[in-house]
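Breakdown of the fold
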Amino acid sequence: MSAPDFWNHKDRAQQLVEEVSSLRAKINPLLALQRQAADLGVLIELATLEEDQNQAAREVEAELNAFTKGLEQFE
């Protein structure tokens, strides 16, 4: 899209822009899930160090539920 002659062929350019938008709409939720999974892993590690294990377990469970819900929506 940054090529100097990209917009010289307007129909083809528009088609490519729509395709890129469609691919981003599919990829971005997956990338968000990937970040959320990594964050969940860190949260679990931190939870093992917490003195209040009940509170830590509730936090992990809440994040896990949010991740699971997001994953189900993605599927």
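Since the model is a prediction, treat every value here as computed from it, not as a measurement.

Criteria and thresholds
- For every chain, the first residue of the written sequence is number 1, and numbering continues from 1 onward in sequence order.
- Residue-level local features of this predicted model are given only where pLDDT is at least 70; pairs of side-chain atoms are given and counted only at 80 or more, and the full residue set underlies all totals for whole chains, interfaces and linings.
- The side-chain numbers reported here are obtained from all heavy atoms of the structure, hydrogens and water having been left aside.
- Secondary structure elements are taken from DSSP: a helix is a run of H or I of four residues or more, a strand is a run of E of two residues or more, and numbering for both begins at the N terminus.
- Here the radius of gyration uses the C-alpha set of atoms, whereas the globule reference equals 2.2 Å times the residue count to the power 0.38.
- To sort residues, take the accessible area from a 1.4 Å probe on protein chains only and compare it with the maximum for the residue type: under 20% means buried, over 50% means exposed, and anything in between is partly exposed.
- It only takes one pair of heavy atoms within 4.5 Å for two residues to be counted as in contact.
- Each residue after the first adds 1.5 Å to the expected span of a helix.
- Polar contacts, as counted here, are pairs of nitrogen or oxygen atoms within 3.5 Å of one another; within protein the pair requires one atom able to donate a hydrogen and one able to accept it, and residues that are adjacent in sequence qualify only if both atoms are side-chain atoms.
- Think of each axis as a best-fit line through the C-alpha atoms, taken over the contacting stretch in the case of a helix, with angles from 0 to 180 degrees between the N-to-C directions.
- Roughly parallel covers angles under 35 degrees, roughly antiparallel covers those over 145, roughly perpendicular covers 65 to 115, and oblique covers all other angles.
- By the definition used in this description, the sense in which the near helix is turned from the far one sets the handedness, with an anticlockwise turn below a right angle giving left-handed and a clockwise turn giving right-handed.

1. Topic: the overall build of the protein chain
A count of helical and extended segments in the protein chain gives 2 helices and 0 strands. Relative to the 2.2 N^0.38 estimate, which gives 11 Å for 75 residues, the radius of gyration of the protein chain is 20 Å and therefore markedly larger than a compact globule would have. Dimensions of the protein chain, computed from the C-alpha atoms along their principal axes, are close to 65 × 25 × 10 Å. Expressed as a percentage of the 75 residues in the protein chain, the buried residues total 12%. Pairs at least 24 apart in sequence give 41% of the contacts found in the protein chain among residues at least 6 apart.

2. Notes on helix α2 (residues 53-74)
End to end, α2 covers 31 Å across 22 residues, agreeing with the expected 32 Å (1.5 Å per residue, within 8%). Against the buried residues of α2 lie α1 (10-47).

3. Considerations on the environment of Gln 55
Relative to the assigned elements, Gln 55 resides in helix α2. Engagement of the side chain of Gln 55 in a polar contact is seen with the side chain of Arg 58, the distance being 2.8 Å.

4. Re the packing of α1 against α2
Across the interface, α1 lies against α2 with an axial gap of 10 Å and an inter-helix angle of 165°. Comparing the axis directions of α1 and α2 gives the class roughly antiparallel. Note on packing geometry: the crossing formed by α1 with α2 is left-handed. Residues Lys 26, Pro 29, Leu 30, Leu 33, Gln 36, Ala 37, Leu 40, Leu 43, Ile 44 and Ala 47 of α1 lie in contact with α2, whose contacting residues are Gln 53, Ala 56, Glu 59, Val 60, Glu 63, Leu 64, Ala 66, Phe 67, Gly 70, Leu 71 and Phe 74.

Purely geometric numbers; function is a separate question.
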